[in-house]
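The residues making up each chain are set out below.
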Amino acid sequence: MNDNRVLILGATGGIGSELAKQLVNDGWDVSALSRHPKLSARAAITYKHGDAMDAQAVVDAAQNVNVIFHGVNPVGYKNWAGLALPMLKNTLLAAKANQATVVLPGTLYNYGPDSFPLIKEDSPQHPKTRKGAIRVQMEQLLAEYAASGGQVIIIRAGDFFGPSAKNTWFTQLVKPGRTITKIVQLGHVGHQWAYLPDLAKTMALVLAKRAQLPAFSNFHFAGYWDDDGKQLINAIADIAFQDRGKRPKLGHFPWWLVPSLGLFNETIYEVAEMRYLWQESVRMDNHQLLELLGTEPHTPLRQAIEQTLSGLGCLSQINQSKA
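Residues numbered from 1 in each chain as written. Predicted model: local features only at pLDDT ≥ 70, side-chain atom pairs only at ≥ 80, totals over all residues. Heavy atoms only, no water.

Where do I start with the overall build of the protein in this structure?
Within the protein one finds 13 helices and 14 strands. Its C-alpha radius of gyration of 19 Å places the protein within 12% of the 20 Å reference for a compact globule of 323 residues. For the protein, the C-alpha atoms occupy an extent of roughly 55 × 45 × 45 Å along the three principal directions. Taking contacts inside the protein between residues at least 6 apart in sequence as the whole, the part at least 24 apart equals 76%. Of the roughly 14700 Å² of accessible surface on the protein, 52% is carried by carbon and sulfur atoms. For the protein, the distance from the average position of its 31 positive side-chain charges to the average position of its 27 negative side-chain charges is 8 Å. (Helix = DSSP H or I, 4+ residues; strand = E, 2+ residues; numbered from the N terminus. Rg over C-alpha atoms; globule rule 2.2 N^0.38 Å. Contact = heavy atoms within 4.5 Å. Areas by Shrake-Rupley, 256 points an atom, 1.4 Å probe, with all protein chains shown as cover. Lys, Arg positive; Asp, Glu negative; His and termini not counted. Charge placed at Lys NZ, Arg CZ, Asp CG, Glu CD.)

Take a look at the structure:
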């Protein structure tokens, strides 16, 4: 039997889908829980029918696995209080039944300004948002699991982007499915970004070393550091110019309007809570990851953005066919 057996929760999401692809390539036995397995189907992955909110479905899907990747989140930031913790508790129930390692993609929501501008692995977690408080509770539950004899690996990263990630902050910069005539700038401060194929590769490398890790590990993935909020914008503009022969216009995200709109829309309200991460430079120290791996997978920025834009349908059909 393959010693590397993983259940992925959230296999249709950005990081879940990339990790599934990476682990299949690395020879893992990969299974995934899906509410619509026929629609989700991908070669070399065994799909189990079920919902992450159904404890028995998660336990049944996790039989005989030794790793569970918990990559599920409430869609559109909606009902975090009612969904996030119950889903994790179901994962932990399944993990205990199989003595499985639990892997969580961590967020910056856990941290408040007292940990800025450089967040270390042991920085205090004093969130200033509702989602942040829930993420702290999630990590506390994971720490309890590790203390009771389980193993937990948290790999924290900045904002995601990648060819298959269509609901991210990156997709506020450009409109998926449309050629780039305008780029929306979100902020003018330092910001950290994570290219999903690189993050997935990093997770796979860490998992390959899990036997030498302690019961609870917390790593930071550096990805790309945009020190003034313009590096990604400029790279997108250059690629768009190459694609269309015309530089796109630069717009600015209407933060001033978001609080008012949030009174009538839960998703927009939750977006408004995240503004503080675009008002101050927030960077993560990845020295523990480098100590373990020696280096961090890193696709050149322009190549990563071009592949992302192609996957999002933002480049001309001629160029996309060459990608």
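Would you take a moment to explain the layout of surface pockets for this structure?
Over the atoms, a rolled probe matching the size of one water molecule traces out where space is still vacant. In this structure, the second largest pocket occupies an estimated 250 Å³ of space. In terms of lining, the second largest pocket is formed by 15 residues, of which the most central are Leu173, Val174, Lys175, Lys182 and Val184. Sorting the residues of the lining of the second largest pocket by element identifies α6 (170–173) and β9 (182–185) as the ones contributing at least two each. Classifying every residue of the lining of the second largest pocket by side-chain character gives seven nonpolar, five polar and three charged. (1 Å grid on protein atoms, 1.4 Å probe; cavity = no way out; pocket = protein on both sides within 12 Å on 5 of 7 lines; lining within 4 Å. Points joined across faces, edges and corners; volume = space filled by probe spheres on them. Nonpolar A, V, L, I, M, F, W, Y, C, P; charged D, E, K, R; others polar.)

What should I look at first to understand the pattern of salt bridges in this one?
Close approach of charged atoms allows side chains of opposite charge to pair. Within this structure, the stated rule accounts for six salt bridges. Among the ionic pairs, Glu139 bridges to Arg156, the shortest N-O distance being 2.9 Å. Taken together, the residues Glu139 in helix α5 (residues 130–147) and Arg156 in strand β7 (residues 151–156) connect sequence positions 17 residues apart. A salt bridge links Arg247 to Asp238, with the shortest nitrogen-to-oxygen separation between them at 3.1 Å. For Arg247, a relative accessible area of 44% corresponds to the partly exposed category. Through salt bridges with shared partners, a single network forms among Arg130, Lys131 and Glu273. (Salt bridge = Lys/Arg side-chain N within 4 Å of Asp/Glu carboxyl O. Buried < 20%, exposed > 50% of the residue type's maximum accessible area, 1.4 Å probe, protein only.)

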